Amino acid sequence: MKTSLTGIKPTNNPHLGNYLGAIRPALALARSYRTLYFIADYHALTTVRDPALLRQYTRDVTAAWIASGLDPAQTLLYRQSDVREVFELAWVLSCLLATGQLERGHAYKAALDRGEAPSAGVFNYPVLMAADILLYDAHVVPVGEDQRQHIELTRDVAKRLNHLYGEGTLVVPEALVDDAPLVPGTDGEKMSKSRGNALPLFAPASELRKAVMRIATSSEPLEAPKEPEGSVVYRLYRQVAPARADEMATKLRAGGYGWGHAKQDLFEALEAELGPKRERYQAIRADEAGLEATLAAGAERARAIAAATMRRVRHAVGID
Ligand code: TRP
């Protein structure tokens, strides 16, 4: 069975966009791959500078994935920072990477374009990410389109190391870019925390309902026929309740069914999907000792894999 690995950056409390766009598709892979999913807390350090907040997000994200259906007995779930070998491998890889390749990094270039003075952490981000992947012999890496360049760099450096030091030293991974449609936020743009257009994932039902009612819609009268395509309510409904989406489209086109009705139906579909998970989330999140124990058990298994890879790499490069 092939291995699928991905990293989750704990930079926010997950919202509906994270759930539909990343969590749900990644969890579906657990049926056909051996899965390793980790909390990339050292990567979060490029933006999260508040230690209490980093701890909080790490636990929020861990609890959100478990509540969403990740079974830690089946998926190896661990915290990046618990496996120090990743820095050892990152150094070896950095010695094989040209600075020019990192200078062409999208995220680094975007920070420069915004007039920021990016840290060396932002510059080296792709090296640590390559180490994350190569340390665990991952075959596929489910990521969003924005991460494709990082996987290309990972492939390049793995091939270079294999070429120089021996074929088979590292597994050359492939990106698995999900073709799921973009998840729109309340304003129709991509849902993101920074835009302030996100629907909460595990907030109380009353708060979720209020957020759904805030979704921007056109203002035709109730009787008027309405075009579902392109509307945020319908786009979200199609992702949450695909089996009933045609029905909503028909009702909208027929007239006599308002955007308020559509929002209520969307809220009910969300509640059906998220309600039971919200209860699980609250119980898991409240048990911090239990969360730590889950991550500690994952770390132990992850370290065994990492140690074996580093033995191979150290020997290959001449450091035993
Ligand atoms: N860079 C990824 C993101 O921003 C997170 C990440 C860190 C990651 N290490 C990884 C993803 C390794 C896949 C594999 O979403």
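Structure shown above.
Residues numbered from 1 in each chain as written. Predicted model: local features only at pLDDT ≥ 70, side-chain atom pairs only at ≥ 80, totals over all residues. Heavy atoms only, no water.

The number of helices and strands found in the protein chain is 13 helices and five strands. The C-alpha atoms of the protein chain give 22 Å as radius of gyration, which agrees with the globular expectation for 320 residues (20 Å, within 12%). Overall, the protein chain is about 75 × 45 × 40 Å in size when its C-alpha atoms are taken along their principal axes. Counting only residues that meet the buried cut, the protein chain has 49% of its 320 residues in that class. Counting only carbon and sulfur atoms, one obtains 53% of the accessible surface of the protein chain, whose full area is about 15,200 Å². The protein chain carries 39 positive and 39 negative side-chain charges, and their two centres are separated by 1 Å. (Helix = DSSP H or I, 4+ residues; strand = E, 2+ residues; numbered from the N terminus. Rg over C-alpha atoms; globule rule 2.2 N^0.38 Å. Buried < 20%, exposed > 50% of the residue type's maximum accessible area, 1.4 Å probe, protein only. Areas by Shrake-Rupley, 256 points an atom, 1.4 Å probe, with all protein chains shown as cover. Lys, Arg positive; Asp, Glu negative; His and termini not counted. Charge placed at Lys NZ, Arg CZ, Asp CG, Glu CD.)

Another aspect to go through is the pattern of salt bridges. Counted according to the given criterion, the structure contains 16 salt bridges. A salt bridge links Arg312 to Asp137, with the nearest nitrogen and oxygen atoms 2.9 Å apart. With Arg312 in helix 13 (residues 288–317) and Asp137 in the loop between helix 7 (120–134) and strand 4 (140–143), this residue pair connects regions lying 175 residues apart in the sequence. Judged by its relative accessible area of 31%, Arg312 falls in the partly exposed class. The structure contains a network of salt bridges with shared partners spanning Arg59, Asp60, Arg79, Asp82, Arg285, Glu288 and Glu292. (Salt bridge = Lys/Arg side-chain N within 4 Å of Asp/Glu carboxyl O.)

This paragraph deals with the site of the ligand. Close to the ligand lie 14 residues, the nearest being Gly7, His43, Tyr125, Asp132 and Gln147. Between the ligand and Asp132, the relevant distance is 2.8 Å, taken from a nitrogen atom to a side-chain nitrogen or oxygen of the residue. In this structure, Gln147 approaches the ligand through a side-chain N or O atom, which is 2.9 Å from a nitrogen atom. Those elements that place two or more of their residues in the shell around the ligand are strand 1 (3–8), helix 7 and strand 4. Top contributing element to the shell around the ligand by residue count: helix 7, with four residues. For the shell around the ligand, the per-class residue count stands at eight nonpolar, four polar and two charged. (Near = heavy atom within 4 Å. Polar contact = N/O pair within 3.5 Å; in protein donor to acceptor, adjacent residues only side chain to side chain. Nonpolar A, V, L, I, M, F, W, Y, C, P; charged D, E, K, R; others polar.)

The two faces of strand 4 match: Val140 and Pro142 on one face and Val141 and Val143 on the other face are all buried. Pairing geometry for strand 4 and strand 5 (residues 174–177), over four bridges, is parallel. By the bridge assignment for strand 5, Pro142 is matched with Leu176. With helix 8 (residues 148–165) bridging strand 4 and the parallel strand 5, this β-α-β connection has right-handed handedness. (Pairing = 2+ DSSP bridges. Right-handed = clockwise from strand over helix to strand, strands pointing away.)

Next up on the list: the environment of Gly21. Turning to its location among the elements, Gly21 is positioned in helix 1 (residues 16–28). The partly exposed category is assigned to Gly21, whose relative accessible area is 35%. Separated by 162 residues in the primary sequence, Gly21 and Val183 have C-alpha atoms spaced 6.7 Å apart.

As enumerated under the stated definition, the model contains six aromatic pairs in all. Taking 5.7 Å as the distance between ring centres and 65 degrees as the angle between the ring planes, the aromatic pair formed by Tyr37 and Trp65 counts as edge-to-face. Highlighted residues: Tyr37 in strand 2 (residues 34–39) and Trp65 in helix 3 (residues 51–67), separated in sequence by 28 residues. Look at Tyr37 and you get buried, because its relative accessible area is 0%. Taken together, a centroid distance of 5.4 Å and an interplanar angle of 20 degrees make the contact between Phe38 and Tyr78 stacked. Taken together, the residues span a long stretch of sequence, with Phe38 in strand 2 and Tyr78 in strand 3 (residues 76–79) at a distance of 40 residues. Across this residue pair, the class does not change: Phe38 and Tyr78 are buried. An aromatic cluster is present here, built from Phe38, Tyr78 and Tyr136 joined pairwise through their rings. It is Arg209 that lies over the ring of Phe267; its NZ or CZ is 6.0 Å from the centre. (Phe/Tyr/Trp six-rings, centres within 6.5 Å; stacked < 30°, edge-to-face > 60°. Lys NZ or Arg CZ within 6 Å of the ring centre and 35° of its normal.)

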